[in-house]
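Remarks on the overall topology
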Amino acid sequence: MIRKLLRKVFNRRAAKTTTTGEPARIPVSQHGIHRSRVSSFAVKVCKTLQEHGYQAYIVGGAIRDLLIGHVPKDHDVATSATPEEVRALFRRSRIIGRRFKIVHVMSGPETIEVSTFRANQSAETDRHGRVLADNTYGTQAEDAVRRDFTVNALYYDPVSETILDYHHGVADLQQKTLRMIGEPRARYREDPVRMLRAVRLAAKLGLIIDPAAREPIREMASLLENVPAARLFDEILKLLMSGNAVRCIEQLRAEGLHHGLLPLLDVILDQPVGERFVWLALENTDERVRADKSVSPGFLFAALLWPEVTRNWKERQAAGELSQPALFAAMDDVLDTQAEQLAITRRIAGDIKDLWALQPRFDKRSGRAPFRLIEHPRFRAGWDFLHLRAAAGGIPQELPDWWDRFAHAGHDEREELLRAVPQDAAPARKRRRRRRKPASAEGAALPPDAEPAA
Ligand code: ATP
Ligand code: MG
């Protein structure tokens, strides 16, 4: 009964946003997206579903990206078939999620996310209004209403090549506006991550966040604290690896979306202007993403947190701790602080620690140690990291350059390079410690002032 009433009220509200409740049907002659421009596997998935009597469309980011001339990075499909029905049609598929069930359909390296049309109104929420579970299926119009932004509620039928536009998303895209579907405050309460998505998508697509969606962000930012750490981590990772990290972070700062929420963002955004390391790391990542080069999350997080690690490490050394144990304790401190809010996965945390732990080993340019270091499986990543430190001015460029030559040299040349190491690169302190503790000498060789500007 109540559900019926809600549905009625809700539909009236929805009708207001769509004006007619019926989507605009935009033919290919107007939007120009021929089916050859979308993933042929996504087309096949839609066709198979349609042949079995279901509705099926390519939806969301892919269509939006194509309309503004970007190459979509993945394809999502929305359908009237339930997850179980989808699962039954594709051999290589699996249902994932419990609270939000979707189906991954796989072909070679490609995965298509297939979600069933959902209705929003009977979703289970927590005491802040955040939606916890949402497996009530609905019509396509209902599915369009529960999506976040108008530009994300475009449904493309690859068979007829028509776009169904429920909320004037195409017009908003033309006007470079990111507009929320429905009342922004209510939508942020349902899912605070939408605030981060607004910032990320605006930066990625070069859109202006509509003032009605922009204004509440500052006052509602604290709702992000209730979002599970794993979800936040995924979203931050998307943001940082989007190829627009610099723009995203600048926009986050502009929207007041950083303080007290994510320690990592505090760390990044509170760097004084002169602190170049973090920004260089972000620029470097953006360049790599845009050039289609691989970017590892471990490298990125290691870079973003490095100034924190060095600060902590230096403090510990100043208080009399030995260099290597001080470094490992600093690493743990910094990662523990992040873990309170951001679920950095165990594997990524391992990668981060590897990179950090390698850094002092680059200072050791005598004996057999350099030969061992270049055989290390993470040598290349460690050396890239060393380069970043030099580019930021924290260590002399001579150091990564020397390692570059050493790694590429033949045997005799290497001995020559070892003999040619500048005298001041091997401080007396280091040698003293090595005599006392031979077993841990490898990581103990960091002169106290050899760090990036901290
Ligand atoms: P990109 O793939 O470029 O990150 P996207 O918009 O495709 O952007 P996805 O996370 O792949 O992002 O989501 C696919 C679609 O699902 C979105 O376009 C949107 O319609 C819907 N969606 C995703 N997250 C939310 C959310 N938090 N609230 C409402 N709808 C969402
Ligand atoms: Mg997507």
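None of the values given here were measured: they were computed from a predicted structure.

1. As for the pattern of salt bridges
- In this structure the tally under the stated criterion is 27 salt bridges.
- Across the salt bridge formed by R200 and E235, the nearest N and O atoms sit 3.0 Å from each other. With R200 in helix α9 (residues 193-205) and E235 in helix α11 (residues 229-240), this pair connects stretches of sequence that are 35 residues apart. The residues R200 and E235 share a single accessibility class, namely buried.

2. Notes on the packing of aromatic side chains
- Applying the stated criterion to the full structure yields 14 aromatic pairs.
- Seen in terms of ring centroids, Y57 and Y155 are 6.0 Å apart; in terms of plane orientation they differ by 85°. Their pairing is edge-to-face. Placement of Y57 in strand β2 (residues 56-59) and of Y155 in strand β9 (residues 154-157) is noted, with a sequence separation of 98 residues between them.
- Classification of Y57 as buried rests on a relative accessible area of 10%.
- The class for Y155 is buried, based on a relative accessible area of 0%.
- Centre to centre, the rings of F379 and W403 are 6.1 Å apart; their planes meet at 55°, and the pair counts as tilted. Here F379, found in helix α19 (residues 379-391), pairs with W403, found in helix α20 (residues 398-408); they are 24 residues apart in sequence, far enough to count as distant.
- Here the aromatic cluster, defined as three or more aromatic residues joined through ring pairs, consists of F362, F371, F379, W402, W403 and F406.

3. Structural notes on the nonpolar core
- Formed by 70 residues in total, the largest nonpolar core has its most connected members in L178, L240, L257, L282, W356 and F385.
- Here the element with the most residues in this core is helix α15 (residues 297-318); it accounts for 10 residues.
- For this core, the domains that each give at least three residues are domain 1 (1-177) and domain 2 (228-425).
- Apart from the residues within four sequence positions on either side, F385 is in contact with F277, F299, A302, A303, W306, L355, W356 and Q359.

4. What to know about α15
- Across its 22 residues, α15 extends 31 Å between first and last C-alpha, which sits within 8% of the 32 Å expected from 1.5 Å per residue.
- When the local axis directions of α15 are compared, the greatest deviation, roughly 50°, occurs at L305, which is followed within four positions by the proline P307.
- By the criterion of burial, α15 is predominantly enclosed, with 16 of the 22 residues buried.
- With its phi angle positive at about 100°, G320 sits one or two positions after the end of α15.

5. Some remarks on the site of ligand 1
- Looking at ligand 1, there are 17 residues lining it, with R64, D191, R194, R200 and K204 nearest.
- One of the side-chain N or O atoms of R147 is found 2.9 Å from an oxygen atom in ligand 1.
- A distance of 2.9 Å separates an oxygen atom of ligand 1 from a polar side-chain atom of R200.
- Starting from 580 Å² of accessible surface for ligand 1 in isolation, the protein chains cover 86%.
- Secondary structure elements with two or more residues in the shell around ligand 1: α4 (61-67), α9 and α11.
- With 4 residues, α9 is the single largest residue contributor to the shell around ligand 1.

Analysis parameters
Residues numbered from 1 in each chain as written. Chains lettered and ligands numbered in written order. Predicted model: local features only at pLDDT ≥ 70, side-chain atom pairs only at ≥ 80, totals over all residues. Heavy atoms only, no water. Salt bridge = Lys/Arg side-chain N within 4 Å of Asp/Glu carboxyl O. Helix = DSSP H or I, 4+ residues; strand = E, 2+ residues; numbered from the N terminus. Buried < 20%, exposed > 50% of the residue type's maximum accessible area, 1.4 Å probe, protein only. Phe/Tyr/Trp six-rings, centres within 6.5 Å; stacked < 30°, edge-to-face > 60°. Core = buried A, V, L, I, M, F, W, Y, C linked by side-chain atoms within 4.5 Å. Domains from an automatic or database assignment. Contact = heavy atoms within 4.5 Å. Expected span 1.5 Å × (residues − 1). Bend = angle between axes of the 7 residues up to and from the residue. Near = heavy atom within 4 Å. Polar contact = N/O pair within 3.5 Å; in protein donor to acceptor, adjacent residues only side chain to side chain. Areas by Shrake-Rupley, 256 points an atom, 1.4 Å probe, with all protein chains shown as cover.

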